[in-house]
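# Understanding the architecture of this molecule
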Amino acid sequence: MQTPDNDKLWRIAKKRANFKKSAFAYVVVNIFLWTIYWITHGYEGFEFKASAWPIWVTLGWGIGIAFQSIMKPIPVIRMIW
């Protein structure tokens, strides 16, 4: 029989696992998009250009990931450090 503490721990573990999946997908997809951009536009240095379309995906999705980590009771800082 599961106690309320076990249920709470399972919920936290599931949220943490879902966050890790989201963060991993964010990193993989953004690396892929920036690689496509770099291959198609060539290496032109690290200056920001308005035509750097992957920046919008990176920023938008990054804001979503940030809200996901803030809104859910996941100790993200302790996981990283």
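Shown above is the structure to which this text applies.
Residues numbered from 1 in each chain as written. Predicted model: local features only at pLDDT ≥ 70, side-chain atom pairs only at ≥ 80, totals over all residues. Heavy atoms only, no water.

## Let's talk about the overall build of the chain
A count of helical and extended segments in the chain gives three helices and zero strands. Written out in order from the N terminus, the α and β elements of the chain read α-α-α. Burial statistics for the chain: of 81 residues in total, 19% are counted as buried. A separation threshold of at least 6 residues defines the contact pool for the chain, and within that pool the share at least 24 residues apart is 67%. (Helix = DSSP H or I, 4+ residues; strand = E, 2+ residues; numbered from the N terminus. Buried < 20%, exposed > 50% of the residue type's maximum accessible area, 1.4 Å probe, protein only. Contact = heavy atoms within 4.5 Å.)

## Structural notes on helix H2 (residues 54-71)
Given 3.6 residues per turn, any residue in an α-helix points the same way as the ones three and four places further on. With 18 residues, H2 ought to run about 26 Å at 1.5 Å a step, and its terminal C-alpha atoms sit 26 Å apart, in line with that. Listed in full, the buried residues belonging to H2 are Pro54, Ile55, Thr58, Gly62, Ile65, Gln68 and Ser69. Along the long axis of H2, the arc covered by the buried residues comes to 150 degrees, so they all point the same way. Of the exposed residues in H2, those oriented more than 90 degrees away from the buried face are Trp56, Phe67, Ile70 and Met71. (Expected span 1.5 Å × (residues − 1). Arc of directions from axis to C-beta.)

## What to know about the side chain of Thr58
Among the secondary structure elements, Thr58 is positioned in helix H2. The exposure class of Thr58 is buried, given its relative accessible area of 18%. Excluding its chain neighbours within four sequence positions, the residues that come into contact with Thr58 are Tyr26, Asn30 and Trp34.

## Re the packing of aromatic side chains
Counted under the stated rule, the structure contains three aromatic pairs. Seen in terms of ring centroids, Tyr26 and Trp61 are 5.6 Å apart; in terms of plane orientation they differ by 85 degrees. Their pairing is edge-to-face. Note that Tyr26 is positioned in helix H1 (residues 4-41) and Trp61 in helix H2, a separation of 35 residues in sequence. Residue classification places Trp61 among the partly exposed positions, given a relative accessible area of 30%. Between the aromatic rings of Trp34 and Tyr37, the centroid separation amounts to 5.7 Å while the plane-to-plane angle is 85 degrees, which identifies the pairing as edge-to-face. One end of the pair is Trp34 and the other is Tyr37, both in helix H1 and three residues apart, which spans about a single turn. (Phe/Tyr/Trp six-rings, centres within 6.5 Å; stacked < 30°, edge-to-face > 60°.)

## What about a nonpolar patch on the surface?
Together, Phe32, Ile36, Trp53, Trp56 and Leu59 make up a nonpolar patch on the protein surface, roughly 540 Å² of accessible area in all. Counting only elements with at least two residues in the nonpolar patch, the list comes to H1 and H2. Here Trp53 shows up in the loop between H1 and H2. (Patch = residues over 30% accessible without salt bridge, like charges linked within 9 Å, V, L, I, M, F, W, Y side chains within 5 Å. Areas by Shrake-Rupley, 256 points an atom, 1.4 Å probe, with all protein chains shown as cover. Salt bridge = Lys/Arg side-chain N within 4 Å of Asp/Glu carboxyl O.)

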